[in-house]
Structures are given as structure tokens and as C-alpha cells.
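So you can see what is in the structure, the chains are spelled out below.
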Amino acid sequence: MENIASASILSADFCNLGRDIKKAEEAGCHYIHFDVMDGVFVPNISYGIPVLKSVSKVASETLDVHLMITDPIKFVKAFAENGADIITFHIESESDTDETVNAIHSFGKKAGIAVKPNTPVSELEPYFGMADMFLVMTVEPGFGGQGFIYETLDKIAELKAMLKSRGLDTPIQVDGGINAETAALVKKAGAEILVAGSYLFGAEDMFAAVKTLIG
Ligand code: DX5
Ligand code: ZN
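Residues numbered from 1 in each chain as written. Chains lettered and ligands numbered in written order. Predicted model: local features only at pLDDT ≥ 70, side-chain atom pairs only at ≥ 80, totals over all residues. Heavy atoms only, no water.

Engineer: Teacher, can you tell me more about the overall build of the protein chain here?
Structural biologist: Across its full length, the protein chain holds eight helices and eight strands. Here the C-alpha atoms of the protein chain give a radius of gyration of 16 Å, agreeing with the 17 Å that 2.2 N^0.38 yields for 215 residues. Overall, the C-alpha framework of the protein chain stretches about 40 × 35 × 30 Å when taken along its three principal axes. Burial analysis of the protein chain (215 residues in total) assigns 52% to the buried set. Accessible area of the protein chain: about 9200 Å², with a carbon and sulfur share of 51%. A distance of 5 Å separates the average location of the 17 positive side-chain charges in the protein chain from that of its 30 negative side-chain charges. (Helix = DSSP H or I, 4+ residues; strand = E, 2+ residues; numbered from the N terminus. Rg over C-alpha atoms; globule rule 2.2 N^0.38 Å. Buried < 20%, exposed > 50% of the residue type's maximum accessible area, 1.4 Å probe, protein only. Areas by Shrake-Rupley, 256 points an atom, 1.4 Å probe, with all protein chains shown as cover. Lys, Arg positive; Asp, Glu negative; His and termini not counted. Charge placed at Lys NZ, Arg CZ, Asp CG, Glu CD.)

Engineer: In this structure, what is going on with the side chain of Glu192? I would like to understand it.
Structural biologist: Mapped onto the elements of the fold, Glu192 is located in the loop between helix H6 (180-189) and strand E8 (193-196). Looking at Glu192, the relative accessible area reads 8%, which means it is buried. Among the polar contacts made by the side chain of Glu192, one reaches the side chain of Lys160 at a distance of 2.5 Å. Every residue in contact with Glu192, bar those within four places of it in the chain, is listed here: Met1, Glu2, Asn3, Ile4, Lys160, Thr170, Pro171 and Ile172. (Polar contact = N/O pair within 3.5 Å; in protein donor to acceptor, adjacent residues only side chain to side chain. Contact = heavy atoms within 4.5 Å.)

Engineer: What am I meant to see in the pairing of strand E6 (residues 133-137) here?
Structural biologist: Looking along a regular strand, one sees the side chains alternate between the two faces of the sheet. Counting buried positions over the five residues of E6 gives five, a clear majority of the element. The alternating pattern of E6 places Met133, Leu135 and Met137 on one face and Phe134 and Val136 on the opposite face, and all of these are buried. Judged from the four bridges that link them, strand E5 (residues 110-115) and E6 form a sheet pairing that is parallel. Bridging across to E6, Val115 finds its partner in Val136. Pairing between E6 and strand E7 (residues 172-175): four bridges, direction parallel. (Pairing = 2+ DSSP bridges.)

Engineer: Mind showing me how you'd approach the environment of Asp205 here?
Structural biologist: Mapped onto the secondary structure, Asp205 falls in the loop between helix H7 (198-201) and helix H8 (206-214). A residue is classified by how much of its surface remains accessible, and Asp205, at 43% relative accessible area, is partly exposed. Expressed as a C-alpha distance, the spacing of Asp205 and Leu153, which sit 52 residues apart in the sequence, is 27 Å. Within the local environment of Asp205, its side chain forms a polar contact with the backbone nitrogen of Phe207, the two atoms lying 3.1 Å apart. Among the polar contacts made by the side chain of Asp205, one reaches the main-chain amide nitrogen of Ala208 at a distance of 3.1 Å.

Engineer: Would you mind going over H8 with me for this structure?
Structural biologist: Owing to its 3.6 residues per turn, the α-helix brings residues three or four apart onto one side. Turning to H8, its buried residues number three or more, namely Met206, Ala209, Val210 and Leu213. Buried residues of H8, seen end-on, are gathered within an arc of 100° and therefore sit on one face of the element. On its buried face, H8 is in contact with strand E1 (4-8), helix H1 (17-26), H6, E8 and H7. With a side-chain oxygen positioned 3.1 Å from the backbone nitrogen of Phe207, the residue opening H8 is Asp205. (Arc of directions from axis to C-beta.)

Engineer: I would appreciate a short explanation of the coordination of the zinc ion (ligand 2) in the present structure.
Structural biologist: Where a metal carries four tetrahedral donors, each ideal angle is 109.5 degrees; where it carries six octahedral donors, the ideal angles are 90 or 180 degrees. The coordination sphere of the zinc ion (ligand 2), as far as protein atoms go, consists of His33 (NE2), Asp35 (OD), His66 (ND1) and Asp175 (OD), spread over 2.0 to 2.3 Å. Its six donor atoms give the zinc ion (ligand 2) angles of 70 to 171° at the centre, a pattern that matches the octahedral case. Each donor residue of the zinc ion (ligand 2) lies on the same chain, and together they follow the pattern H-x1-D-x30-H-x108-D. Taken as a pair, His33 in strand E2 (residues 31-37) and His66 in strand E3 (residues 62-68) lie far apart in primary sequence, 33 residues in all. Judged by relative accessible area, which is 0%, His66 ranks as buried. (Donors = N, O, S within 2.8 Å, 3.2 Å for Na, K, Ca; no water. Tetrahedral: all angles 85-135°; square planar, octahedral: opposite > 155°, others 65-115°.)

Engineer: Just to check I follow, could you spell out the pattern of salt bridges for this structure?
Structural biologist: Opposite charge on two side chains allows them to pair when their charged atoms are near. Inspection of the entire model under this criterion finds seven salt bridges. What you see here is one network of salt bridges that share partners, running through Asp13, Arg19 and Asp20. (Salt bridge = Lys/Arg side-chain N within 4 Å of Asp/Glu carboxyl O.)

Engineer: Just checking my understanding: could you explain the site of ligand 1 for this structure?
Structural biologist: Looking at ligand 1, there are 20 residues lining it, with Ser8, Asp35, Gly142, Asp175 and Ser198 nearest. Between an oxygen atom of ligand 1 and a side-chain N or O atom of Asp35, the distance comes to 2.8 Å. Within the complex, the protein chains bury 100% of what would otherwise be the 380 Å² of accessible surface of ligand 1. With respect to the pocket detection grid, ligand 1 is positioned in the largest cavity. Every element with two or more residues in the shell around ligand 1 is listed here: E2, E3 and E8. (Near = heavy atom within 4 Å. 1 Å grid on protein atoms, 1.4 Å probe; cavity = no way out; pocket = protein on both sides within 12 Å on 5 of 7 lines; lining within 4 Å. Sits in = over half its atoms within 2 Å of the grid points.)

Following this line, the structure appears as C-alpha cells:
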């Protein structure tokens, strides 16, 4: 699979969100990453369904929704009906993992399962062949602009090897602290979909920055 850059709009200018989404798409980001935080699962609050609805009218690329919320299954329908193409939730959440994947699929959407930096990737194994994407967090979820946790590189490589040994090519997404330097490392370890927020939206030339991630 070709590498994909997913622009995390958590670092966009919210007063000019439509403009920033267009800018990310024109710069070569094929996914727009939408971080939902509830202030309970993570110590921060971001934005939710009404904002996604507006974003979906502007975005032409894939809407990649990352739910950092306590009970994601309760909100699958609302996110699915308001523009999400991929819905990723955390295995550490309170929702049943099988049921949540099935709920996402019942709306015709792709299901991603995420692990925090301290959760072993072996916990994902029961969902091999069922999930459409696995997200290995490379920072503690909750905030943009944090430093990459280098210990997560081994987890990416381990997950890649586990998938390969089962003949699966389910894509691995990484999220947090991705820049030109860490992008090279995560790709080498086996990640295909690279989420980046502060690096892309802080770049003087976003087109050039996307190239450093996936070029
Ligand atoms: C963190 C979010 C990320 C965040 C990444 O909890 O899930 O998507 O926006 O931001 P950067 O790329 O700045 O680390
Ligand atoms: Zn995210």
C-alpha cells in the first residue's frame, strides 16, 4: 500500500477551518483526521458531531475520525451519519470491541482500532481480519504538538510482523509527534498511514511538508 498523509485538523485555525482543510487536501493529504475528545477518556475536550457535519461539506478526501471517548459505541451512528468514512476507537475504551466494529460496519464505514502507547499490540490480535485499520498511538492521546515516543517503534514492527504472518495487509496508522524525521522511522517499522497535525499546519510550505512524510 502507498503511504497516506492524514492531516490532523486539531492544529488547524478553527476560524478558518474550511480554508485549512482545502489547503491540506491541495498539499496532498488524502485523509483528514478528526480528533474527538470527551474530557474523560483523555484530559482534553476538542469538538464533535456538529463540527464534523460542517467539515464533511467542505472536505472531498476521506474523513478519518479518531474517537478518544469513553463509550464510543454510543456515538457510532451519529458520526457515521454526519460524514465519517473511517471511525477509529480505542481498545481501552469501555465499549465492547467486537460490537463496536460491527456497529461501524453496519453503517458501511471502515473500522479502526487504536492502542495507547502502553497497551501491547497483542491485544489487537483477536480483531485481525475484522478491523480495517489499526492505529498505534505514538504519543499519549489528548494533545497535539507532543514529542514522539520512540519506544512505540518496536510495537509498530511487532504488529506488522504479526499481520504479515497471518497473510494480512491491514494498514497501520500512527498518530502523534510525526514529522520528517519520525516519519522515516515509522515507515521503516511498517506504518502506512501517517497522521500529522502540528508539523503540517505549522509548516511554511505544507506541500513540501507532505512530501517529507510520504514522498
Ligand atoms: C492526539 C491526537 C493527534 C494529534 C496529533 O491525541 O490524536 O491526532 O492531533 O498532533 P501532532 O501531529 O501535533 O502530534
Ligand atoms: Zn488522532
